[in-house]
Amino acid sequence: MLSIAEVLQRPLFKCASIVAGHNGIGRTIGWVHIVDIKNAGLYINRDDLILSTGLGLAGTNEKEREDYLQELIHHGVAGLCIELGDYFSQLPSDMLSVANRHDFPLIVFTERVRFVEITQDIHSLLVNSQLESLQNLAAFSQDLQRITLRATDVRPIVSALHRHTSHQVVYYSPSGESLSIPNSSLAEAKKTLTLYKEALTKDPLSSQQAGVLQLDMRRFILSQPIISLGQTVSYIGLVISGEKISESLLMSLDYAAKSVTNFLLRRMLLEEKRREGQDRFLRELLEGTVTDEEQAQEQIGPFFPTSGPFACIAGIATLHHTLLRYEGDSIEPNDDIILLVRSLLQKQSLQALLMLEGTKLYILCLFSRKYDTAFIKKRLQAFIVQFEQSLLHMFGGDTHITIGFGQVKTRIMEGKESFEEAEETLKINQTLSGRPFYEDLGIYQLVPRFNSKERMSSFITGHIGALLEYDRDYNAQLLETLRVYLKHMGSKQSTAQELFIHRQTLYHRLEKCRDLLGEDYLTQDKRLCIEAALLFHELLKKKQ
């Protein structure tokens, strides 16, 4: 854009001087017109620079001259140039006063000039400037296309807009990363983003259309929403300080907004393809059709930036909350949950294939074989804690989550077995919480082998049924006494202390246990079965 100040430096304006409205020399010029009539409203446009010999003002009074200037100002004219000589030897003070009051540039030529040469000169500058601007926009558009195809996030697009316009660029995403470029300081960036967010909240229309929003007393932001698939997903804006907004600036912002939209759509498509590939592989693994380890390693390779070979551990989680929608026994919205889990796993430096099938989330964590089981379990334990906290934050206190992990497998094709172990762990944890890892279940690993409550009850009755019956008839507390006695590895002193009973009472109870269970009840084989029966009995009680 060409300003009044720049025009005054042109050779054809060497005999010109600004006599009023000095504060308006930054006004931009859109075109030049020669107008020598008093009623010029029909022939002028905004940002026109008017050239006049003064003929239209000859013989006018103060009121008429003021009306003339007010009409030009009302139409947004950039400035007025009058040639002194035939009609004015100098401009009346009333004209200077009006021009100064409105910061309207009033320029006089003290010598005769050829207006046609001035118009040709300025029009040539304007056309060349416009052409240069279009060429810059075309180059910017091509640059954005290249950047968008290579980008992995929106930062390169935001940086390109800053380089092209030299304005601070702010990108605000309610559900993702927000940026401020250039970023003088973290505190300043946060402040600008907060002001942008507040300005968007105050103007409901800003979510659907471009506009200028006020950030503070001295700064504004030229804002444009990023709309993808009919939904406003983010916003991008150029920080300005009250200067006039050029068409080039508007188009640059629009180009950048379209590039961000294209990037988000491309990422969504790639993510969808990635998810389809993950779902397909996980289903094949669960069905047991993945039988070649080398092929399995190759199949999962494209999903991760690091190279294999990978080891794995499988997990299954179920989530329930009264506010979640369950459509056909599946959780909605599943995208948010998958994104949350992936993000939390990444914080623990874990990579995973994820699939939401019905109300179950299947997780196959993959990691380098150099990591030991203790390291992986520690990371997964931290993930579980963060997952539970995040769900509480998202959905409130009524959220219930159960999760189970199988054992670490050194081969991907063994992931099916790890998923089966995770399923068993999940079932146990629905009754006994706090044991998310299969290898920590201990004797409870045997529970799934008893595929019915009847078989488990039969096992319990066969080994400790006599104690249960005696306690039921006499409230003798033999079962609890035996449990604590076995817990303390046969230490009578520790058993009596925990039960708060006298030693003689303990001796009497243990004698009764021997009578009911047999003299050999503490031999290795019988003791193992009795301890298992005690655990299974406790499990059944909790299920009731």
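Look above for the structure.
Summary of the structure given here. Predicted, not measured: the structure shown is a model, and the values here were computed from it.

### A closer look at a nonpolar patch on the surface
Taken together, the side chains of Ile37, Leu42 and Tyr43 define a hydrophobic patch exposed on the protein surface, amounting to about 370 Å² of accessible area. Tracing the backbone shows isoleucine 37 in the loop between β4 (31-34) and β5 (48-52). Overall, the relative accessible area of 40% leaves isoleucine 37 in the partly exposed class.

### Structural notes on the environment of valine 154
Within the secondary structure, valine 154 sits in the loop between α4 (115-150) and α5 (155-165). Exposure remark for valine 154: the relative accessible area of 6% places this residue in the buried category. Residues valine 154 and valine 260 lie 106 residues apart in sequence; the distance between their C-alpha atoms is 6.5 Å. Excluding residues that lie within four positions of it along the chain, valine 154 makes contacts with Tyr171, Leu179, Val260 and Phe263.

### Thoughts on the sheet that holds strand β18 (residues 400-405)
Sheet strands pair by backbone hydrogen bonding; their relative direction is either parallel or antiparallel. What the four strands build is an open sheet, ordered β16-β17-β13-β18; its pairing is antiparallel. Because the sheet does not close on itself, it has two edges, and the strands there are β16 (351-357) and β18. For this sheet, the mean angle separating the axes of adjacent strands, direction not counted, is 20°. Pairing between strand β13 (residues 310-320) and strand β17 (residues 360-368): nine bridges, direction antiparallel. Pairing of phenylalanine 310 across the sheet is with serine 368, part of β17. Strands β16 and β17 of the sheet are contacted by helix α7 (residues 247-287), whose axis makes an angle of about 80° with β16. Running over the sheet, helix α11 (residues 415-429) touches β13, β17 and β18 and is turned about 35° from β13.

### Points about unusual backbone geometry
Of the consecutive residues isoleucine 181 and proline 182, the connecting peptide bond is found in the cis state with omega at 0°. With respect to the secondary-structure elements, proline 182 resides in the loop between β9 (179-181) and α6 (186-202). Even without glycine at this site, serine 166 takes up a positive phi of about 65°. Mapped onto the elements, serine 166 comes out in the loop between α5 and β8 (169-172).

### Focus on the pattern of salt bridges
All told, the structure shown has 25 salt bridges when counted by the stated rule. Between glutamate 357 and arginine 283 there is a salt bridge; the shortest N-O distance is 2.9 Å. Taken together, the residues glutamate 357 in strand β16 and arginine 283 in helix α7 connect sequence positions 74 residues apart. Judged by its relative accessible area of 35%, arginine 283 falls in the partly exposed class. In this structure, glutamate 414 and arginine 411 form a salt bridge, with 3.4 Å as the shortest nitrogen-oxygen distance.

Basis of the calculations
- Residues numbered from 1 in each chain as written.
- Predicted model: local features only at pLDDT ≥ 70, side-chain atom pairs only at ≥ 80, totals over all residues.
- Heavy atoms only, no water.
- Patch = residues over 30% accessible without salt bridge, like charges linked within 9 Å, V, L, I, M, F, W, Y side chains within 5 Å.
- Areas by Shrake-Rupley, 256 points an atom, 1.4 Å probe, with all protein chains shown as cover.
- Salt bridge = Lys/Arg side-chain N within 4 Å of Asp/Glu carboxyl O.
- Helix = DSSP H or I, 4+ residues; strand = E, 2+ residues; numbered from the N terminus.
- Buried < 20%, exposed > 50% of the residue type's maximum accessible area, 1.4 Å probe, protein only.
- Contact = heavy atoms within 4.5 Å.
- Pairing = 2+ DSSP bridges.
- Axes fitted to C-alpha atoms, helices over the stretch in contact; angles between N-to-C directions.

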